[in-house]
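These are the residues of each chain, in order.
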Amino acid sequence: MSSVKEIKEAKKAVAFNRESLESVLKRRFFYAPAFELYGGVSGLYDYGPPGCAFQANVVDTWRKHFILEEDMLEVDCTMLTPYEVLKTSGHVDKFSDWMCKDPKTGEIFRADHLVEEVLESRLKGDQEARGLLKNANSEAEANAEKKKRKKKVKEIKVVKLDEKVAKEYEEVLAKIDGYSGQELGELMVKYDIRNPATNGELEAPRAFNLMFETAIGPSGQLKGYLRPETAQGQFLNFNKLLEFNNGKTPFASASIGKSFRNEISPRSGLLRVREFLMAEIEHFVDPENKAHPRFDEIKNISLKFLPREVQQSGSTVPIETTIGKAVASGMIDNQTLGYFIARIYLFLIKIGVDEDRLRFRQHMANEMAHYAADCWDAELQTSYGWIECVGCADRSAYDLSVHSKKTGEKLVVRQKLETPIEVTKWEIEVNKKLFGPKFRKDAPKVEAYLTNLDQQELASKAKELKETGKITFKVAGIDGEIELDDKFLTLERKTRTEHVREFTPNVIEPSFGIGRIIYSVLEHSFWCRPEDSARAVMSFTPAVAPTKVLLVPLSNNKELQPIVSKMSKSLRKQQIPFKVDDSGVSIGKRYARNDELGTPFGITIDFDSVKDESVTLRERDSTRQVRGSLDDIIKAVKEITYDGIPWDEATKNLTPFVSQSTD
Ligand SMILES: Nc1ncnc2c1ncn2[C@@H]1O[C@H](COP(=O)(O)OP(=O)(O)OP(=O)(O)O)[C@@H](O)[C@H]1O
């Protein structure tokens, strides 16, 4: 077995089994529930040595693929965020999911997930329904005694459906991400959705804010939150970043760091957790020109898309087309968004995502924030279904505008115009002499509020002033309504010659959940050898594999030791992560142990190695081997791992080797 096709077929020969994967992940300590000694806390995980190395390699690839290759400006901002910032961004009021409580048992469900799971399970019939409901996502259930739970699950009635109802269910499921709390409540009543374990009635959905609240400092006065995303830090540093970039746009900032969300019902391992690593990009672009200078490089990449219209029709069959055509037809809003979708795809493939299990799904209109121009998720297919792993949204000028309005600080780009232009617009001027005595310490806040009004708002205030002789408004943080007459301000349309164009950039935001991506790659990489289904393999691409090389001396004989030491020294010097396995067990067993860890290469040292310093290199997936000098073998490993050179090319000058029985 050596061709890519043969290996692909071998990988599919034994059906994927999540339990086998989980057993490997647990046994080899990729990751494990945090605080296990104390019974664990849902949604919190610790990574072990291979998990840490794998994550570090994924992040390193991300950094090179985006920050380095796209010349982005990286920032590392604090996780503790004051209340005011997240109030302004909309998170305090809107960053919530819908939960519903069982008043009898106290169990809490996430409403959209409950509706989804119940309808899916009804659709899938008896057997599968039981399987799915075992995973029903409630905190209380996660902690319930297993015996009791089994009993409850057995009591679930299987609903037989007629065709019309099944169609309705399918339509609801296709739109499940976009329902409001009220709509979810209506669906629960209409389809009689109850607590799946007890059949008890549930309360109507209520909004639950997902942010972890805290107090900053000993007084307890400064309310804050653990950040739910890294984006806000990037927006707040916009002016500094723009200056660092010599005032030029477009440019992108990037940030990698932990985010926190108090998920109602964490489940599915790393896919929905309460603390996770995010990697986010904020690309600041001229709203009037969203063309991307490197669009030509990616326009011919063909991807699977699930646009809004297809979902609306209740279908999940993707359209396959090129990025170029998708942008030209208007399916993707603009070139920059299209460019990032392609770059996300290239990154995911690089780290080992199976291309056949990747699609880009467009958000439905009611799923997107009102200010967003367009939004696509990179979804990866796992045994838990299609999972959003990367969001890619055009957030328009929303974030910079709201922070600017709130703080009175301009967050804009100034561009020198080649030919000056005449511009007529509303201008407001405040009478500072009267403002000071009237508002005292609040004067700057009120002034900032007025000078930050946009043209539409100024026009409406001018109308109000003309008709009533005063304007009234409220300023956040100041009690009561403020009333001002024309002694305090002038509001006029003025024509000026402008030499500089000032605009608030729009933001295109690709947002990666590293844990979700890692779990999906684990599933996509996992397979069992067809000849022995107990022999699991993790087919990590060499660049992200936790360890690159396993050094295996044929036996414990002392004669082999010097060459093992020489090889180790050489690998260390070249900074190639490796492990030596000189345990007494057979070479086949030693390789099998490391196939589970995804180690792509094995180097066997035998008695011929002592004579002529030649060694054997084994490739994990195909188990094919070649023989060559110590230096040539290390060179081939390096080329494949770090330069992406295919095996056949990197080993073309080495001698094919047929082992007696190493596997
Ligand atoms: N609870 C979580 N656990 C792990 N990763 C997460 C979690 N929530 C979000 N992410 C990751 O962060 C990325 C960006 O977050 P975003 O706010 O777009 O997610 P979201 O739309 O809230 O996700 P979902 O709808 O699944 O809750 C997601 O694509 C995902 O990879």
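Residue positions within a chain follow its written sequence, with the count starting from 1. Note on the predicted model: pLDDT of at least 70 is required for a residue's local features to be given, and 80 or more for side-chain atom pairs to be given and counted; whole-chain, interface and lining totals, by contrast, use all residues. Hydrogens and waters are ignored; side-chain quantities use all the structure's heavy atoms.

1. Brief notes about the domain arrangement of the protein chain
Domain start and stop positions are those given by an automatic or database domain assignment. Each assigned domain of the protein chain is listed with its residue range as follows: domain 1 (4-78 + 227-397), domain 2 (79-95 + 211-226), domain 3 (96-209), domain 4 (421-501) and domain 5 (547-657). One C-alpha centre belongs to domain 1, the other to domain 4; they are set 42 Å apart.

2. Here we look at the side chain of Gln 232
Helix and strand definitions here come from DSSP, where helices need a minimum of 4 consecutive H or I residues and strands a minimum of 2 consecutive E residues; each element is numbered from the N-terminal end. Following the sequence through the fold, Gln 232 ends up in helix H12 (residues 231-236). With relative accessibility at 4%, the residue Gln 232 sits in the buried group. Sequence-distant contacts of Gln 232, defined by excluding residues within four places in its chain, comprise Val 85, Leu 86, Ser 89, His 91, Asp 399 and His 403. We call a residue buried when its accessible area falls under 20% of the maximum for its residue type, exposed when it is over 50%, and partly exposed in between, using a 1.4 Å probe and counting protein chains only. It only takes one pair of heavy atoms within 4.5 Å for two residues to be counted as in contact.

3. Some points on a nonpolar patch on the surface
Judged by side-chain polarity, Phe 35, Leu 37, Tyr 38 and Val 41 come together as a nonpolar surface patch covering roughly 560 Å² of accessible area. You can see Tyr 38 is positioned in the loop between strand E1 (31-33) and strand E2 (45-47). When its relative accessible area of 77% is taken as the criterion, Tyr 38 is described as exposed. A patch is a set of surface residues, each over 30% in relative accessible area and not in a salt bridge, joined within 9 Å for like charges and within 5 Å for the nonpolar side chains Val, Leu, Ile, Met, Phe, Trp and Tyr. Methods summary: accessible areas were calculated by the Shrake-Rupley approach with a probe of 1.4 Å, and residue burial reflects only the protein chains presented. Put simply, a salt bridge is a Lys or Arg side-chain nitrogen that is within 4 Å of an Asp or Glu carboxyl oxygen.

4. Remarks on the state of the cysteines
To count as a disulfide, a pair of cysteine sulfur atoms needs to be within 2.5 Å. In the structure shown here, the tally under the stated rule is zero disulfides. Left unpaired, Cys 392 is separated from the closest cysteine sulfur, that of Cys 375, by 7.5 Å.

5. Quick word on the nonpolar core
Core analysis: the largest hydrophobic core is formed by 67 residues, its most contacted members being Trp 62, Phe 305, Leu 348, Phe 360 and Phe 512. By residue number, the principal contributor to this core is helix H17 (residues 335-350), which donates nine residues. Each residue touching Leu 348, except ones within four places of it in the same chain, is listed here: Val 353, Leu 358, Ala 378, Leu 380, Val 390 and Ile 517. Counting residues in each nonpolar core, the second largest holds 24 residues, with Ile 563, Ile 603, Ile 605 and Val 615 among its members. The definition of a nonpolar core used throughout is a set of buried Ala, Val, Leu, Ile, Met, Phe, Trp, Tyr and Cys residues joined through side-chain atoms within 4.5 Å.

6. Topic: the site of the ligand
The immediate surroundings of the ligand are formed by 15 residues, with Glu 263, Arg 272, Val 273, Glu 388 and Cys 389 found nearest. Whenever a nitrogen or oxygen atom comes within 3.5 Å of another N or O atom, the pair is scored as a polar contact, on the condition that within protein one atom can donate a hydrogen and the other can accept it, and that pairs from neighbouring residues in sequence are kept only if both atoms are in side chains. Glu 388 places a side-chain nitrogen or oxygen 2.7 Å from an oxygen atom of the ligand. Protein burial of the ligand: of its 590 Å² of free accessible surface, 81% is covered by the chains. Elements that contribute at least two residues to the shell around the ligand include exactly strand E11 (275-285), strand E16 (385-394) and strand E21 (506-513). The element best represented in the shell around the ligand is E16, accounting for four residues. Each residue receives one of three labels: charged for Asp, Glu, Lys and Arg, nonpolar for Ala, Val, Leu, Ile, Met, Phe, Trp, Tyr, Cys and Pro, and polar for the others, Gly being one of them. Its residues assigned to classes, the shell around the ligand comprises seven nonpolar, three polar and five charged. Only heavy atoms are used to decide nearness, and a residue is near a molecule or strand if one of them lies within 4 Å of it.

7. Looking at the packing of aromatic side chains
In this scheme Phe, Tyr and Trp rings, the latter by its six-membered ring, pair at centre separations within 6.5 Å, and the angle between planes marks the pair as stacked below 30 degrees, edge-to-face above 60, and tilted otherwise. Under the defined criterion, the tally for this structure stands at 24 aromatic pairs. With a centroid separation of 4.5 Å and an interplanar angle of 25°, the aromatic rings of Phe 54 and Phe 540 are classed as stacked. Residue Phe 54 is located in helix H3 (residues 49-68), and its partner Phe 540 is located in the loop between strand E23 (536-538) and strand E24 (549-553); the two are separated by 486 residues in the primary sequence. A single burial state applies to Phe 54 and to Phe 540, both of which are buried. Through pairs of rings, three or more aromatic residues link up here, namely Trp 62, Phe 66, Phe 347 and Phe 512. Cation placement over rings: the criterion is NZ of Lys or CZ of Arg within 6 Å of the ring centroid and within 35° of the ring normal. Looking at Arg 18, its charged tip hangs above the ring of Tyr 384, at a distance of 3.7 Å from the centre.

8. Concerning helix H24 (residues 587-596)
When you tally the buried positions in H24, you get eight out of 10 residues, the bulk of the element. Elements that come into contact with the buried residues of H24 comprise helix H2 (18-27), E23, E24, strand E26 (601-605) and strand E27 (614-619). Just beyond H24, the residue with positive phi is Gly 598, at close to 80°.

9. Notes on the side chain of Arg 516
Note that Arg 516 resides in helix H22 (residues 514-525). Although Arg 516 is buried, it forms no salt bridge, and the closest oppositely charged side chain is Glu 388 at an N-O distance of 4.8 Å. The residues touching Arg 516, leaving out its near neighbours within four places in the chain, are Leu 270, Leu 271, Arg 272, Ile 387, Glu 388 and Cys 389. The charge count includes Lys and Arg as positive and Asp and Glu as negative, but it does not include His or the ends of the chains.

10. Regarding the pattern of salt bridges
Applying the stated rule across the entire model yields 58 salt bridges. For Glu 70, the salt bridge is made with Arg 294, and the minimal N-O distance between the two is 3.6 Å. Taken together, the residues Glu 70 in the loop between H3 and strand E3 (73-74) and Arg 294 in the loop between E11 and helix H14 (295-298) connect sequence positions 224 residues apart. Given a relative accessible area of 16%, Glu 70 falls into the buried group. With relative accessibility at 26%, the residue Arg 294 sits in the partly exposed group. Across the salt bridge formed by Asp 354 and Arg 357, the nearest N and O atoms sit 3.0 Å from each other. Because the salt bridges share partners, they merge into one network encompassing Glu 69, Glu 70, Arg 294, Glu 297, Arg 343 and Lys 350.

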